[in-house]
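# Chains, contacts and geometry: an overview
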Amino acid sequence: MSKPKIAICWLGSCGGCDEAVVDMNEVLLRVAGTVDIVLWPVAMDFKYDRLKKMKNGEIVLSVVNGNVRNSEQEEIAKLLREKSQLILAFGACACLGGTAGLANLSTREDIFNWVYRDAPTIVNPNGNYPQTTSRVNGKELTLPELYNRVYALNAIIDVDYYLPGCPPPPYSVMYALSAVLENKLPSEGSTLAPHRALCDSCDRNRSKPDKISIRKIRRIHEVEAAPDTCFLAQGIICLGPATRDGCGVSCVNINMPCRGCFGPVEGVEDSGAKFVSTMASILDAESDEEVATVVNQFVDPVGYLYRFSLPVSTLRKKQVDK
Amino acid sequence: MTRLEGHGKIEIFLDDKGNVDDAYWQVTELRGFERFCLGRPVEELPRIMPNICGVCPSPHNIASVKALDDLYEVEPTPTAKLIRQLHYNAFMVEDHLLHFFILAGADFVIGPSAEPAERNILGVVAKVGMEIGGKVIEVRKRCREIIRYLASKPPHPEGGLPGGVSKGVTEEDRKWIRATADLCVEFCQFALELFKQIVLENKEYLNLVLNDAYKLNTYYMGLVDENNRLNFYEGKCRVVDPKGKEYALFDCHDYVDYIGEWVEPWTYIRLTHLKQIGWNGLNDNEGTSLYRVGPLARLNVADSMYTPLAQREYEAMFDTLGGKPSNHTLAYHWARLIEALQAAEHLQRIASDPLLTSKDIRNMALKLGKVGIGCVEAARGTLIHHYEADSDGRTTKVNLIVATQHNAAPICLSVKKAATEFIKGPEVKEGLLNMVEMAFRAYDPCLGCATHALPGQMPLEVNIRDHSGALIRTIQRP
């Protein structure tokens, strides 16, 4: 029997998800022996012609990381969908839009103006901006079109499974791959990570007081955070209650609070809204003024609550799309 | 024509005789970190910036934290500084070694004209043996264990606070860290020996390294300490001219006076150059304002290495290459291994330092200023993070200069030179094309700096066009 064909591909990404695959180390070499990796731009020969010539559905699984920000990425995503039985959105960018999804807080024009005109190091006497088509010394050069917003993968193509994380930890990658190879997949549309919240596997949860009540929000640099105490109990914003478990609590283990890279817990669409309701229940404030005082200490709620998920949140984009 | 290559491509144009007329390396992506970080609490930036690049996230994390030290006018405690450098050197070792064994490895270990199908990690392992292949994996894994221990996820480090770090090192953990450092030194020495055997003792390869097609007469930039020794973590920015004479020595706060970013319509990347000389286009002739960064540039810029074993290798390299500076692009690979050895030796030193396990990991005497600039030598070259903040500590301005930007114009030029030398006529042989790509890969380019990743290289599309612009041939490569 021929080996199952698998593709691993990046779209708008940082390469960290590909590193996460490599972080499987020896296991990766074993997996590479049992499957036929037909496409992995980062690591192996990249024959897209071969991909185009494949029959629809010939690839058993495409592991796709990165968000979609330009025309080229959209093209690749659609081609992979056509050729693949299953698409796994891999990592926070593909699942949720990722940190680069915060770019939806700016317009394309604003980004272009800074990057190519206003930044202090720019020397641009000709007022050049990158163009999808340009002529240099009589030659035509082309670039993909940068879209006005960032999309999570499922806004562009149908996605069968999700594995969040920035990046997903190596063991969850192994779990996801073996679930596919052994045909032990849960129902379509599932997220291949625990349903519960991060707090449920956080050691600090045990020492948490029965009722947390905070009167002041503290920023992480302002305090020497106690290494064993719940961050929220210390007044430090930690997205643990609203974030899906599965990361191995790795940030909390280095005494840094959760920023939500695993996205919302099962059954919740908008982790930001979920966290706001958590906050409301732990604020120790009676009057409207007291509430306002604490809420005002919560600087940049969008940047905290949607660090990894703005493109799939109810906010999505600063301005309405044309 | 379909373009599915990912994040960069090379266009080569031939004239009516079939010789190379022009060549361009294009960056096809832009993400806008400098804009969407505005409004974010500035202390969160070390956790956001590593997403610029998941391959070299540690430099972004550390440059960002150093910018915060500067913004908050705070000096990290000696222990915090050791811990950051522990993280940093662990990163340098694994990143540099992987590049050599996977990228350069494919070009040299297997051979420049080998079949593309063999030119990957499996081919390298087949050639050097599983034992060495396994060692590469082992060293990488253990270095990344150090990063995980200090900074959460290696592809996205999350540690770092102004004036310090979030987590200290215990006496118990020092032991395995020290053992990892020893292993790294041993393996880096082995890698250098392997390089000598495979490349230097092979006349054909050595001639390739010294070939004019792989030579570029540019300026060089890199950080040096007060004794002009190579430093990855801090120091002043030194620039030497193509003949090796010091052109500038500046504090990173003055980078705007020295570095300009030129904009072209055909690429999303901005092309840095020496501002005071002014943009003189894509050339390395007399009057060029182009400079290079990264391993070879740093060795050209520094008067010496920081550690003794690396120093010996540094001297041997320049002896072989005919003195300083070396303008031979392929010598980047050699310089990279020497740097890995320095990083490994430095790891040993840090792992033995009594201060490493002190609990004094934060200096809380923060005083919020207006501007913070942090500069480090990333694996691929000088990296500058410049932030400004309002009185609430919210980000109001971000300017980033990343390593691959400095090298972007030289990469275009290197590709053109190699193409001119190796492509004659429309019939382009596979091996020759690889010779062109080698010019590109020596830089270990990392786009935006978003797209170079392990265990391979930047996916690359090369389009060759005739004088009318019609596509003759397209090749995709890892």
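All of these numbers come straight from a predicted model, not from anything done at the bench.

Quick notes on the rules
- Residues numbered from 1 in each chain as written.
- Chains lettered and ligands numbered in written order.
- Predicted model: local features only at pLDDT ≥ 70, side-chain atom pairs only at ≥ 80, totals over all residues.
- Helix = DSSP H or I, 4+ residues; strand = E, 2+ residues; numbered from the N terminus.
- Rg over C-alpha atoms; globule rule 2.2 N^0.38 Å.
- Buried ≥ 20, exposed ≤ 12 C-beta atoms within 10 Å, placed from the backbone.
- Contact = placed C-beta atoms within 7 Å.
- Axes fitted to C-alpha atoms, helices over the stretch in contact; angles between N-to-C directions.
- Left-handed = near helix turned anticlockwise from the far one by under 90°.
- Nonpolar A, V, L, I, M, F, W, Y, C, P; charged D, E, K, R; others polar.
- Pairing = 2+ DSSP bridges.

## With respect to the overall build of chain A
- The helix and strand inventory of chain A stands at 11 helices and 10 strands.
- At 22 Å, chain A has a C-alpha radius of gyration in line with the 20 Å of a compact globule built from 322 residues.
- Structurally, chain A occupies a C-alpha span of about 65 × 60 × 30 Å along its principal axes.
- The buried share among the 322 residues of chain A stands at 48%.
- Across chain A, the fraction of contacts at a sequence separation of at least 24, relative to all contacts at a separation of at least 6, is 74%.

## Topic: the packing of helix α6 (residues 130-151) of chain B against helix α7 (residues 171-200) of chain B
Residues and elements named next belong to chain B.
- Orientation of α6 relative to α7, taken along the N-to-C sense of each, is 145°, at an axis distance of 10 Å. The interaxial crossing formed by α6 with α7 has left-handed handedness. Contacts between α6 and α7 involve Lys135, Val139, Arg142, Cys143, Ile146 and Tyr149 from the first element and Asp173, Ile177, Thr180, Leu183, Cys184 and Phe187 from the second.
- Taken together, the residues of the contact of α6 with α7 sort by class into 8 nonpolar, 1 polar and 3 charged.

## With respect to unusual backbone geometry
- The omega angle of the peptide bond from Cys166(A) to Pro167(A) is -10°, so this bond is cis rather than trans.
- Structurally, Pro167(A) is set in the loop between β10 (161-163) and α7 (170-181).
- In this chain, Lys324(B) is followed by Pro325(B) through a cis amide linkage whose omega measures -10°.
- Within the element layout of this structure, Pro325(B) appears in the loop between α11 (308-321) and α12 (331-352).
- In the Ramachandran plot, Asn137(A) falls in the positive-phi region, its phi being about 45° despite a non-glycine side chain.
- Within the secondary structure layout, Asn137(A) lies in the loop between β7 (133-136) and β8 (139-142).
- The phi torsion at Asn183(A) lies on the positive side, around 55°, for a residue other than glycine.
- With respect to the element layout, Asn183(A) can be found in the loop between α7 and α8 (250-253).
- Owing to 6 C-beta atoms within 10 Å, Asn183(A) belongs among the exposed residues under this scheme.

## Things to note about the interface of chain B and chain A
- At the interface, 81 residues of chain B touch 71 residues of chain A.
- Per-element accounting of the side of chain B that touches chain A gives the leading share, 5 residues, to α6(B).
- Within the side of chain B that touches chain A, the residues separate by chemical class into 36 nonpolar, 21 polar and 24 charged.
- Both strand β6 (residues 122-123) of chain A and strand β8 (residues 259-262) of chain B contribute to a ladder of 2 bridges, which runs parallel. Opposite Val123(A), over in β8(B), you have Trp262(B) as the bridge partner.

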